[in-house]
Amino acid sequence: MRSRVGRAMTAAVLGGLLATGCGSGNDERASSAADKGDSADPVTVTDCAGAETTFAATPKRIVTSNASSLELLLRLGAGDKVVGTGFPPGKGTVPDELDAQAQQVKVLSKTVIPKEKLLGSGADLYIDTFASMNMGGGMGDAPTEAEFKAAGIQHIFLKSTACAAQSKSPVTDLSAVEDDITSLGAVTGTSARAAELVAGMKEKVNAVRKAVGGTPERKRPTYFFFDYDAGTKQPMAVCNRQVANAVITLAGARNVFADCDGDYKQVGWEDVIAKNPDWIQLAVRDRGSAAANDKAYDEAREWLETNSATKGLKAVEEGRFLRIGSERTTIAGVANADTVEKIAKTLYPGKVG
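Since the model is a prediction, treat every value here as computed from it, not as a measurement.

Chemist: I'd love a proper account of the overall build of the protein chain, names of residues and values included.
Modeler: Each helix and strand counted, the protein chain has 15 helices and 13 strands in total. Expressed as a percentage of the 353 residues in the protein chain, the buried residues total 50%. Looking at the protein chain alone, contacts between residues at least 24 apart form 68% of all its contacts between residues at least 6 apart. Just so you have it, the protein chain exposes about 16000 Å², and 50% of that area is on carbon and sulfur atoms.

Chemist: Give me the lowdown on the environment of Ala-102, citing residues and values where you can.
Modeler: Structurally, the position occupied by Ala-102 is in helix H4 (residues 96-104). Taking the relative accessible area as the measure of exposure, Ala-102 reaches 5% and is therefore buried. When the C-alpha positions of Ala-102 and Leu-70 are compared, they lie 7.7 Å apart, and in sequence the two are 32 residues distant. Excluding residues that lie within four positions of it along the chain, Ala-102 makes contacts with Leu-74, Pro-89 and Val-94.

Chemist: Provide a residue-level description of the nonpolar core, including the pertinent values.
Modeler: Ranked by internal contacts, the top residues of the largest apolar core, which has 53 residues, are Ile-127, Leu-174, Ile-181, Tyr-223, Ile-343 and Leu-347. For this core, the elements supplying multiple residues, two or more each, are strand S2 (43-46), helix H3 (67-76), H4, strand S6 (125-128), helix H8 (175-188), helix H9 (191-212), helix H10 (243-250) and helix H15 (335-347). Other than its neighbours up to four places away in sequence, Ile-181 contacts Leu-72, Leu-76, Ala-194, Leu-197, Val-198, Met-201 and Val-334. Core analysis: the next-biggest nonpolar cluster, separate from the first, contains 21 residues, Phe-226, Ala-296, Ala-300 and Val-316 among them.

Chemist: I'd love a proper account of the sheet that holds strand S5 (residues 82-85), names of residues and values included.
Modeler: What the 4 strands build is an open sheet, ordered S5-S4-S6-S7; its pairing is parallel. The open sheet terminates on both sides in strands that have one partner only, identified here as S5 and strand S7 (154-157). Within this sheet the neighbouring strands show an average axis-to-axis angle of 20 degrees, counted without direction. Judged from the 3 bridges that link them, strand S4 (residues 62-64) and S5 form a sheet pairing that is parallel. The partner of Ile-62 across the bridge, within S5, is Val-82. Of the strands in this sheet, S4, S5 and S6 are in contact with H3, which crosses S4 at around 135 degrees.

Chemist: Before we move on, could you go through the pattern of salt bridges and cite the residues and values that matter?
Modeler: Applying the stated criterion across every chain yields a total of 15 salt bridges. A salt bridge links Glu-196 to Arg-193, with the nearest nitrogen and oxygen atoms 3.0 Å apart. Remark: Arg-193 and Glu-196 occur in helix H9; sequence separation between them is 3 residues, near one turn of the helix. According to the relative accessible area criterion, Arg-193 is partly exposed, its value standing at 34%. Residues Arg-301 and Glu-305 are paired through a salt bridge, measuring 2.8 Å at the closest nitrogen-oxygen approach. Taken together, the positions of Arg-301 and Glu-305, both in helix H12 (residues 290-306) and 4 residues apart, correspond to about one turn of that helix. The network of salt bridges with common partners includes Asp-294, Asp-298 and Arg-323.

Chemist: Go over H9, please, and point to the residues and values.
Modeler: With 22 residues, H9 ought to run about 32 Å at 1.5 Å a step, and its terminal C-alpha atoms sit 32 Å apart, in line with that. For H9, the full list of buried residues reads Ala-194, Leu-197, Val-198, Met-201, Val-205, Val-208 and Val-212. Down the axis of H9, the sector holding all buried residues measures 95 degrees, keeping them to one side. Structural note: H9 exposes Glu-203 and Lys-210 on the side pointing more than 90 degrees away from its buried face. Of the surrounding elements, those touching the buried residues of H9 are H3, H8, H10 and H15.

Chemist: Account for the state of the cysteines, with residues named and values stated.
Modeler: Tallied over the entire structure, the rule returns 1 disulfide. Two residues, Cys-239 and Cys-260, share a disulfide whose sulfurs are 1.9 Å apart. For the disulfide bridge between Cys-239 and Cys-260, the dihedral angle about the S-S bond is near 65 degrees, and by the sign convention the bridge is right-handed. Residue Cys-239 is found in the loop between strand S9 (236-238) and H10, and its partner Cys-260 is found in the loop between strand S10 (254-255) and strand S11 (264-266); the two are separated by 21 residues along the sequence. Exposure class is identical for Cys-239 and Cys-260. Each is buried.

Chemist: Just give me the short version of the pairing of strand S3 (residues 52-55), but keep the residues and values in it.
Modeler: The two faces of S3 differ: Thr-53 and Phe-55 on one face are buried, but Glu-52 and Thr-54 on the other face are not. As paired strands, S2 and S3 are joined by 4 bridges and run antiparallel to one another. Of the residues in S3, the one forming a bridge with Val-45 is Thr-53. The hairpin formed by S2 and S3 contains 5 residues between the paired strands, and Gly-50 there has a positive phi angle of roughly 90 degrees.

Chemist: Could you give me a rundown of H4, with the residues and numbers involved?
Modeler: Every buried residue belonging to H4 is among Leu-98, Asp-99 and Ala-102, and all of these are buried. The buried residues of H4 all sit within an arc of 120 degrees when viewed along its axis, so they share a single face. Seen from the open side of H4, the exposed residues pointing more than 90 degrees away from its buried face are Glu-97, Ala-100 and Gln-104. Tucked into the core, H4 has its buried residues touching H3.

Chemist: Lay out the side chain of Thr-339 with the relevant residues and their values.
Modeler: On the secondary structure map, Thr-339 appears in helix H15. For Thr-339, a relative accessible area of 0% gives the class buried. At 3.1 Å, the side chain of Thr-339 forms a polar contact with the side chain of Arg-328. Thr-339 has contacts with Val-247, Ile-324, Arg-328 and Thr-329, leaving out every residue within four places of it along the chain.

Conventions and cut-offs
Residues numbered from 1 in each chain as written. Predicted model: local features only at pLDDT ≥ 70, side-chain atom pairs only at ≥ 80, totals over all residues. Heavy atoms only, no water. Helix = DSSP H or I, 4+ residues; strand = E, 2+ residues; numbered from the N terminus. Buried < 20%, exposed > 50% of the residue type's maximum accessible area, 1.4 Å probe, protein only. Contact = heavy atoms within 4.5 Å. Areas by Shrake-Rupley, 256 points an atom, 1.4 Å probe, with all protein chains shown as cover. Core = buried A, V, L, I, M, F, W, Y, C linked by side-chain atoms within 4.5 Å. Pairing = 2+ DSSP bridges. Axes fitted to C-alpha atoms, helices over the stretch in contact; angles between N-to-C directions. Salt bridge = Lys/Arg side-chain N within 4 Å of Asp/Glu carboxyl O. Expected span 1.5 Å × (residues − 1). Arc of directions from axis to C-beta. Disulfide = S-S within 2.5 Å. Polar contact = N/O pair within 3.5 Å; in protein donor to acceptor, adjacent residues only side chain to side chain.

Right, dumping it as structure tokens:
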């Protein structure tokens, strides 16, 4: 039996094993009922440590920690179940057909949702993107699992992001992200739509693989993910356990910090200079509007072009920059496949349709 302490430390993380029903004969019935919003059989998901969280019924009132998990629910067709979010998406930053719906979701906080507000939200499910987060800024600590339970809230995470640091090998594909979407579809009664989203991701990534997959490793351009918002004094590298490593690899590039075991690591500019990347992604976090994002991209580029330590880098001198948001590269979502395609189209012009 799982201990309360173990659960509080690891938290319940969305993804992994699904247990539905008592045999393959029930699969079609369970799937059909789930897609209608009913729960024919309990759905069980596991966390990073294998501990289980079981849903006897489909959640009806969901709070999301940020725009990424909100966007996933909107894409799945479960947006009507969302009663609040933290880190809300800026206008126009989610797909056009979903933007109006996204803007109608109640904003519980522009950043991390304060503990008291989250527990009092009336939610029966909280979807968090990270396994642990310092609630800082005077907002108090994150709720314990006992507090979530007392409030009637089941607490799960996006496993491909939350468990990244614990991965035992480099992440070079999007299978963990696809598993998250599949699991989230089962939990919210949208399994058929989840299958469509996963199939679309696979189709897009496979097309890129077909176009650039034959490029020898040594001829693939090197690539540096510049997390501008993590600070410029000491850059934050995305390592080989982070989903960004998979995105970069699938696009036919070489993450210059793929030799770093973990999800993130603070490095020095001398390390970046030693790598001398062919391309640099100006990765900025959503500022709330396209205009504000463009301004941030411009600032990131200007910093690289004027800083004495970086202005001599090959990518900087040749103007080889990509303007792609941090979230769509580093956080689980359908947009990961879109980013693979966007990077590949830039690095291999004419090869990717």
